[in-house]
Amino acid sequence: PPPLACCAGWPGMSTPRWMNSGSSPACRPVRRWWPWACIVAASALAHLWCLGSQFYLDDFSQIRDSEIVRSGRFWEMPRSTWTYLGYSLEYRLFGMSAVGFHAVNWLLHTAVACVLFGFGRDFLRDRWPAGVALFGAVLFAVHPLASEIPNYVRTQDLAWVTLFSLLAAWALLRYLRDGGGWRLAACAIGIGGAALSKGPGLMHALMMTGAVGLAFAQPAHWSLLRRHIGWIAGALVLAISTLWLTGLMDFAQRATHQWSTPRFIGHGYTISRVFWEFAWRSVIPLGLSADHQIAETLVPPGAGFLNIPDKRAMLAAAALLALTSLSVWLAWRKETRLFGVCLFLYVATILVRVLYLIPEFMPEYRIYPGLPWFCLGAAIVLAAGWKWLFSTVSPRWPAALEPMITARDYFDFATSLALSMGVVFELPILLVGLTALGIITPTQLRAFRRHAMVASLVIAAIITPGDLLTTTVMLMVPLYGLYEVSILASSIVYLRKERRRIALERESEVEALA
């Protein structure tokens with residue numbers, strides 16, 4: 001079982017058979033509040049420093065200097081009514097204190113992480129233990145791509161959108177599994193809250209609830225829909241009315257007339273390129289807080305979708321469409337449905353931005369509504385890898401992978417391994433920091449490759465249990481790979497530093513000549 005699934009008493013987790021043979025003082029019932037406390041603590045350690053942030057960019061025009069916020073006339077913002085209601089209440093409570101506004105953003109981010117755990121626990125029920133959902137929630141709570149939400153007050157609208165959308169999807173999932181009309185009402189309230197938080201909120205909420213509904217609907221539910229066709233028609237009328245009231249209907253109609261224009265084509269292709277930058281930063285969060293300007297001149301006049309000069313953009317768009325098709329296929333298959341839903345909603349978060357034809361920057365917070373699904377999907381992949389390891393590898397090497405006898409030994413091993421790997425994985429950050437300070441250079445790091453290989457072998461031998469050489473080599477390879485990643489990252493930082501130095505020298509020479 002995963003490390004967090006080893007104790008009885010955890011809601012949604014079964015007791016492993018090897019724990020039923022006797023009692024152990026290390027195996028006590030886990031308190032129900034413990035997972036939530038872990039999420040809050042992780043979020044605090046990762047992002048609570050946001051309380052030292054100040055107002056930034058759009059914070060001035062949309063919040064600090066906004067008469068709507070100061071007067072409380074939040075209804076004058078039909079596309080962000082709920083968000084401006086929150087701004088107005090925060091102004092009444094804290095004044096224009098940046099600390100108060102950032103604290104609310106952090107609380108919202110933490111609430112999204114907690115809801116993700118609750119949703120994920122039900123989403124993975126009967127397939128994976130609750131520890132998998134907890135890992136996904138903690139990963140989301142600490143993920144660097146989410147750091148702009150606590151540190152940039154203006155992104156509070158996206159936090160509300162993500163929170164309401166997840167709540168709506170959770171309510172619908174509980175209804176499909178356990179029934180209860182009040183859960184459908186809660187789903188509708190969540191969709192409405194997302195729609196009133198930000199313009200794209202309705203689309204995000206409909207995507208999440210639609211994907212979850214299609215994935216978990218049973219034949220009985222389809223029969224129920226056919227019997228209540230009148231209620232469905234009323235819901236459609238309500239949805240269309242909401243689109244009209246929020247101005248999204250008019251916006252969509254205007255957008256359809258521009259689908260063949262160079263600006264729309266360039267916008268779509270640029271979104272495709274930006275997605276892949278977000279994708280690799282979701283896996284390896286380096287180079288954050290980098291804006292990506294939408295290319296307004298990517299497509300020359302008269303060019304169509306298939307004959308633009310930027311072939312890399314066309315390749316990125318084709319790969320994005322292929323990944324979207326793959327996610328739909330995975331969601332269709334019963335064996336991979338859970339991961340397929342997560343992958344589809346992560347991809348769709350950026351894909352839907354194609355419909356918003358506005359000249360904009362694409363900072364990292366744009367991916368925030370899809371980040372919970374990435375983290376939950378990553379947890380599923382890691383759990384599947386863990387299961388494969390012990391079902392496929394363990395029978396072949398029984399002496400090296402013998403199961404733990406007591407929970408105390410198990411937790412000691414899991415804790416020491418997690419701490420050791422956590423320290424080792426800080427190596428790229430340490431070396432990049434030393435490069436930025438001018439203490440080391442990439443050339444020096446390349447000269448110590450052999451030493452790094454030997455050090456990786458020694459560290460792997462110390463960390464891995466047993467005396468099997470294969471497990472030591474399996475751990476040594478990623479450890480040495482981290483050193484190569486460190487060289488690459490150090491080279492990037494060093495080159496940027498050298499460019500800045502050369503630019504400053506040229507400026508000094510020009511000033512001296514002047």
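Residues numbered from 1 in each chain as written. Predicted model: local features only at pLDDT ≥ 70, side-chain atom pairs only at ≥ 80, totals over all residues. Heavy atoms only, no water.

Q: Is there a simple way to explain the overall build of the chain in this structure?
A: Looking only at helices and strands, the chain features 22 helices and 0 strands. Looking at the chain as a whole, 44% of its 514 residues are labelled buried. When the accessible surface of the chain is totalled, it reaches about 26900 Å², and 69% of it is carbon and sulfur. (Helix = DSSP H or I, 4+ residues; strand = E, 2+ residues; numbered from the N terminus. Buried < 20%, exposed > 50% of the residue type's maximum accessible area, 1.4 Å probe, protein only. Areas by Shrake-Rupley, 256 points an atom, 1.4 Å probe, with all protein chains shown as cover.)

Q: Help me understand the packing of helix H14 (residues 262–283) against helix H16 (residues 337–351), please; the structure alone is not making it clear to me.
A: The description of two helices packed together rests on the angle between their axes and the distance between the axes. Running from N to C, H14 and H16 point in directions that differ by 140 degrees, and their axes come no closer than 10 Å. With respect to H16, the axis of H14 lies oblique. As H14 runs across H16, the sense of the crossing is right-handed. From H14, Ile-271, Phe-275, Phe-278, Ala-279 and Ser-282 reach across to H16, where they touch Tyr-346, Val-347 and Ile-350. (Axes fitted to C-alpha atoms, helices over the stretch in contact; angles between N-to-C directions. Parallel < 35°, antiparallel > 145°, perpendicular 65-115°, else oblique. Left-handed = near helix turned anticlockwise from the far one by under 90°. Contact = heavy atoms within 4.5 Å.)

Q: Teacher, can you tell me more about unusual backbone geometry here?
A: What you tend to see is this: most non-glycine residues have negative phi, and most peptide bonds are trans. The backbone phi angle of Asp-126 is positive, close to 70 degrees, even though this residue is not glycine. Within the secondary structure layout, Asp-126 lies in the loop between helix H5 (98–123) and helix H6 (130–142).

Q: Which parts of the structure should I look at to understand helix H10 (residues 201–216)?
A: Owing to its 3.6 residues per turn, the α-helix brings residues three or four apart onto one side. Between its first and last C-alpha, H10 extends 23 Å over 16 residues, near the 22 Å set by a 1.5 Å rise per residue. Within H10, 12 of the 16 residues are buried, which leaves it mostly tucked inside the rest of the structure. Within the sequence span of H10, burial applies to Gly-201, Leu-202, His-204, Ala-205, Met-207, Met-208, Thr-209, Ala-211, Val-212, Gly-213, Ala-215 and Phe-216. (Expected span 1.5 Å × (residues − 1).)

Q: How should I be thinking about the side chain of His-47 in this particular structure?
A: Looking at where His-47 falls in the secondary structure, it is placed in helix H1 (residues 34–47). What makes His-47 buried here is its relative accessible area of 2%. Polar contacts involving the side chain of His-47 include one to the main-chain carbonyl oxygen of Ala-141, which spans 3.0 Å. Ignoring anything within four residues of it in the chain, the contact list for His-47 reads Trp-106, His-109, Ala-141, Val-142, His-143, Ala-146, Ser-147 and Pro-150. (Polar contact = N/O pair within 3.5 Å; in protein donor to acceptor, adjacent residues only side chain to side chain.)

Q: I'm lost on the confidence of the model for the chain in this one. Help?
A: Reading predicted coordinates in detail is not appropriate for stretches of low pLDDT. This prediction gives the chain a mean pLDDT of 78; 78% of its residues lie at or above 70. Residue range residues 1–30 is modelled with pLDDT below 50. Its contacts to residues more than four positions away, or to other chains, number 63 contacts. (pLDDT = per-residue confidence, 0-100.)

Q: Help me understand the pattern of salt bridges, please; the structure alone is not making it clear to me.
A: Pairing between side chains of opposite charge can happen when their charged atoms approach one another. The full count for this structure, using the stated rule, is 14 salt bridges. Here Arg-125 and Asp-178 are joined by a salt bridge, their closest N and O atoms 3.9 Å apart. Note that Arg-125 is positioned in the loop between H5 and H6 and Asp-178 in helix H8 (residues 156–178), a separation of 53 residues in sequence. With a relative accessible area of 39%, Asp-178 lands in the partly exposed category. The residue Arg-501 makes a salt bridge to Glu-505 at a minimum N-O spacing of 2.6 Å. (Salt bridge = Lys/Arg side-chain N within 4 Å of Asp/Glu carboxyl O.)

Q: So what exactly am I meant to see when it comes to the environment of Gln-444 here?
A: Its location among the elements puts Gln-444 in helix H20 (residues 442–447). What makes Gln-444 partly exposed here is its relative accessible area of 39%. Residues Gln-444 and Ile-487 lie 43 residues apart in sequence; the distance between their C-alpha atoms is 9.5 Å.

Q: Where do I start with a nonpolar patch on the surface in this structure?
A: On the surface, Leu-48, Leu-51 and Val-99 cluster together into a nonpolar patch covering about 200 Å² of accessible area. Within the secondary structure, Leu-51 sits in the loop between H1 and helix H2 (58–64). Residue classification places Leu-51 among the partly exposed residues on the basis of a relative accessible area of 31%. (Patch = residues over 30% accessible without salt bridge, like charges linked within 9 Å, V, L, I, M, F, W, Y side chains within 5 Å.)

Q: I tried to follow the packing of aromatic side chains on my own but got confused; where do I start?
A: Enumeration over the complete set of coordinates arrives at 18 aromatic pairs. Ring geometry for Phe-123 versus Phe-216: centroids 5.4 Å apart, planes at 65 degrees, classification edge-to-face. Taken together, the positions of Phe-123 in helix H5 and Phe-216 in helix H10 put the pair 93 residues apart, joining distant regions of the chain. Pair check on accessibility: Phe-123 and Phe-216 agree, each one buried. When the ring of Phe-123 is compared with that of Trp-373, the centres are 6.3 Å apart and the planes differ by 75 degrees; the resulting orientation is edge-to-face. (Phe/Tyr/Trp six-rings, centres within 6.5 Å; stacked < 30°, edge-to-face > 60°.)

Q: Whenever I open this one, the nonpolar core confuses me. Can you help?
A: The nonpolar side chains of soluble globular proteins are, as a tendency, buried together. If you look at the biggest cluster of nonpolar residues, it comprises 81 residues, and the most contacted ones within it are Phe-119, Phe-123 and Leu-124. When residues in this core are grouped by element, the largest group, 14 residues, is from H8. Beyond its immediate stretch of four places on either side in the chain, Phe-123 contacts Leu-173, Arg-177, Phe-216, Leu-338, Val-341, Cys-342 and Leu-376. Formed by 9 residues, the second largest nonpolar core is a distinct cluster that contains Ile-63, Tyr-84, Tyr-87 and Ala-98. (Core = buried A, V, L, I, M, F, W, Y, C linked by side-chain atoms within 4.5 Å.)

Q: What is the right way to look at H16 in this model?
A: Compared with the 21 Å implied by 1.5 Å per residue over 15 residues, the 20 Å span of H16 between its first and last C-alpha is a close match. Counting buried residues in H16 gives 11 out of 15 residues, a clear majority hidden from the surface. Of all the residues in H16, the buried ones are Leu-338, Gly-340, Val-341, Cys-342, Leu-343, Leu-345, Tyr-346, Val-347, Ala-348, Thr-349 and Ile-350.

Q: When you look at the environment of Ala-455 in this model, what are you seeing that I'm missing?
A: Of note, Ala-455 is situated in helix H21 (residues 449–463). According to the relative accessible area criterion, Ala-455 is partly exposed, its value standing at 36%. Taking C-alpha positions, Ala-455 is 9.0 Å from Met-476, a pair spaced 21 residues apart along the chain.

Q: Explanation requested: the packing of H5 against H6 in the structure shown.
A: Two elements in contact, H5 and H6, have axes whose closest approach is 8 Å; the angle formed by their N-to-C orientations is 160 degrees. Here H5 lies roughly antiparallel to H6, going by the angle between them. Both H5 and H6 take part in a crossing whose hand is right-handed. Where H5 approaches H6, its residues His-109, Val-112, Ala-113, Leu-116, Phe-117, Gly-120 and Arg-121 are matched on the opposing element by Ala-130, Ala-133, Leu-134, Gly-136, Ala-137, Phe-140 and Ala-141. By residue class, the composition of the contact of H5 with H6 is 10 nonpolar, 3 polar and 1 charged. (Nonpolar A, V, L, I, M, F, W, Y, C, P; charged D, E, K, R; others polar.)

Q: I tried to follow the environment of Phe-123 on my own but got confused; where do I start?
A: The exposure class assigned to Phe-123 is buried, which follows from its relative accessible area of 0%. Taking the C-alpha atoms as reference, Phe-123 lies 8.9 Å from Val-212; in sequence the two are 89 residues apart.

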